[in-house]
Amino acid sequence: MKEESLKIENGSSIIDFLLIGLSQDPTLKLFLFVLFLMVYLLTLIGNMCLITACISDLRLHTPMYFFLENLSLVDICLTSVIVPNTLSQLLVRNRISFTGCAAQMYTMLFFCGTECALLAVMAYDRYVAINFPLHYTVIMRISICITLASCCWLCGSVIAFSGTFVTLRLPVCGSEINHFFCDSHAVLKIACGDTYVTEMIIFCSGIFILLIPSLFTAISYIRIIMTVMRIRSSEARLKVFSTCTPHLIVVTIFYSTAIYMYMRPVSKNSEDWDKMISVFYTVTPPMLNPIIYSLRNKDVKMALKNVFLRAHFELTSYFCSAAFQKMSIQK
């Protein structure tokens, strides 16, 4: 036992990590379990409904909803990487293997990076739709949309690989990670030796996947607002602003919290604060995106209504047919 502890102190690789989680207070852990479970279920239901509506209704086969399908898929995957493991931590002390930690870090960075790029592409799509409505179908044709979406997923993959590799190549001086998932900054806090090079690589990656997309998104929305301000009808302006404002709020929450986490030096004095901030870019946006982006949309509501009516009709037909067959057999 003494020999093993010496190896860890000297920076040896270890078999597994202990995730401290969000809290050690039993009462607070119960409250957080219920809260995270509700958020997870709402996220799954909202995003699955959105994907189903977009696929089933031909009116929603447009660039805007194509990107929303990708965003919903990313949100489902992102929360499924983080939340189930967090729920487990709130019930029992959760250990995670080195391989499991690497897999979780990679997938979390992959889906977060993809979402960063997708939000920028979606802002560009709205910019083209509002500023160049006559050329929209030509500019945002299907081949361009597929290329843009593919680039978003590719960017997420590249960022995830670089972030995971440079973080986990370092030896560690402990086995406890004070976080609720294997975050790169949380792992760096228990790393041995100088982490300056790794932090600089993560910072440069943040410029590419966080700062540039956020600036691109901001410019797109500024141009949209400038165009809307030239509309004479106050009712039309209000309609556009009522749609754009919730989008901007969610985008601002996601980008600002992610930038705060990954574009600053690693500090061991802000661990509890870091865990709270992490919730705002890993758990909150995936729950809000279906509501903000689509479930307030009349076309999506109509598509969902048609889906539910069709499902109700098919279920009713099935049970009626089964009952009729049963009656026939009895006779």
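The rules behind the values
Residues numbered from 1 in each chain as written. Predicted model: local features only at pLDDT ≥ 70, side-chain atom pairs only at ≥ 80, totals over all residues. Heavy atoms only, no water. Helix = DSSP H or I, 4+ residues; strand = E, 2+ residues; numbered from the N terminus. Buried < 20%, exposed > 50% of the residue type's maximum accessible area, 1.4 Å probe, protein only. Contact = heavy atoms within 4.5 Å. Areas by Shrake-Rupley, 256 points an atom, 1.4 Å probe, with all protein chains shown as cover. Disulfide = S-S within 2.5 Å. Patch = residues over 30% accessible without salt bridge, like charges linked within 9 Å, V, L, I, M, F, W, Y side chains within 5 Å. Salt bridge = Lys/Arg side-chain N within 4 Å of Asp/Glu carboxyl O. pLDDT = per-residue confidence, 0-100. Pairing = 2+ DSSP bridges. 1 Å grid on protein atoms, 1.4 Å probe; cavity = no way out; pocket = protein on both sides within 12 Å on 5 of 7 lines; lining within 4 Å. Points joined across faces, edges and corners; volume = space filled by probe spheres on them.

**Some words on the overall build of the protein chain**
Point 1. Counting its regular elements, the protein chain contains twelve helices and three strands.
Point 2. Taken over 331 residues, the protein chain has a buried fraction of 46%.
Point 3. Residue pairs in contact within the protein chain that sit at least 24 positions apart in sequence constitute 80% of those at least 6 positions apart.
Point 4. Accessible surface, the protein chain as shown: approximately 17500 Å² in total, 70% of it carbon and sulfur.

**Re the state of the cysteines**
Point 1. A complete count under the given rule lists two disulfides for this structure.
Point 2. A disulfide bridge connects C101 with C182, and the sulfur atoms are separated by 2.2 Å. The disulfide joining C101 to C182 has a torsion of about -125° about its S-S bond and is therefore left-handed. Of this pair, C101 sits in helix α4 (residues 98–131) while C182 sits in the loop between β3 (176–177) and α7 (184–188), and the two are 81 residues apart along the sequence. Per residue, the accessibility class of C101 equals that of C182, and both read buried.
Point 3. Two residues share a disulfide in this structure: C173 and C192, whose sulfurs sit 1.6 Å from each other. Taking the torsion about the S-S bond as the criterion, the C173 to C192 disulfide, at about 135°, is right-handed. Highlighted residues: C173 in the loop between α6 (142–168) and β3 and C192 in the loop between α7 and α8 (196–229), separated in sequence by 19 residues.
Point 4. Under the relative-accessibility criterion, C173 is labelled partly exposed at 37%.
Point 5. Overall, the relative accessible area of 13% leaves C192 in the buried class.
Point 6. With its disulfide-bonded cysteines labelled consecutively along the sequence, the protein chain is connected as 1-3, 2-4.

**A closer look at a nonpolar patch on the surface**
Point 1. On the surface, a nonpolar cluster with roughly 860 Å² of combined accessible area is contributed by Y196, V197, M200, I201, F203, I207, F208, L211, I212 and L215.
Point 2. Tracing the backbone shows L211 in helix α8.

**Looking at the side chain of S72**
Point 1. Within the secondary structure, S72 is located in helix α3 (residues 63–91).
Point 2. Its relative accessible area of 2% is what places S72 among the buried residues.
Point 3. Among all residues touching S72, those that are not within four sequence positions of it are N47, L50 and I51.

**Brief notes about the confidence of the model for the protein chain**
Point 1. Looking at the protein chain, the pLDDT average stands at 85 and 89% of residues meet or exceed 70.
Point 2. Within the protein chain, the element-level pLDDT minimum falls on helix α1 (residues 2–9), averaging 39, and the maximum on α6, averaging 94.
Point 3. Long-range and interchain partners of residues 1–12, a stretch whose pLDDT sits below 50, account for eleven contacts in this model, where long-range means more than four residues apart.

**Focus on the pairing of strand β1 (residues 16–19)**
Point 1. Direction of pairing for β1 relative to strand β2 (residues 94–97): antiparallel, over a ladder of four bridges. Bridging across to β2, D16 finds its partner in S97.
Point 2. Sheet topology note: the β1/β3 ladder contains two bridges and is parallel. Note on β3: the bridge partner recorded for L18 is E176.

**Notes on empty space enclosed by the protein**
Using a probe with the size of a water molecule, rolled over the atoms, empty space left in the structure can be pinpointed.
Point 1. Throughout the structure, instances matching the rule amount to three cavities of 30 Å³ or more.
Point 2. Considered as a void within the structure, the largest cavity measures approximately 200 Å³ in volume.
Point 3. Forming the boundary of the largest cavity are 18 residues, of which L109, I159, I209, L210 and Y262 lie nearest the centre.
Point 4. Contributions of two or more residues to the lining of the largest cavity are made by α4, α6, α8 and α9 (234–262).

**Notes on the pattern of salt bridges**
Point 1. Per the stated rule, a full pass over the model turns up six salt bridges.
Point 2. Put simply, D57 and R59 hold a salt bridge, and the shortest N to O gap is 2.9 Å.
Point 3. A salt bridge links R264 to D274, with the nearest nitrogen and oxygen atoms 2.3 Å apart. One end of the pair, R264, is in the loop between α9 and α10 (271–282); the other, D274, is in helix α10, and ten residues separate them in sequence.
Point 4. Looking at R264, the relative accessible area reads 18%, which means it is buried.
Point 5. The structure contains a network of salt bridges with shared partners spanning K189, R264 and D274.

**What about the environment of K29?**
Point 1. With respect to the helices and strands, the residue K29 is situated in helix α2 (residues 26–56).
Point 2. Taking C-alpha positions, K29 is 7.7 Å from L91, a pair spaced 62 residues apart along the chain.

**Comments concerning the environment of A160**
Point 1. Topologically, A160 is positioned in helix α6.
Point 2. When the C-alpha atoms of A160 and T107 are compared, they prove to be 7.1 Å apart, with 53 residues separating the residues in sequence.
Point 3. Those residues in contact with A160 that sit more than four places away from it in its chain are Y106, L109 and F110.

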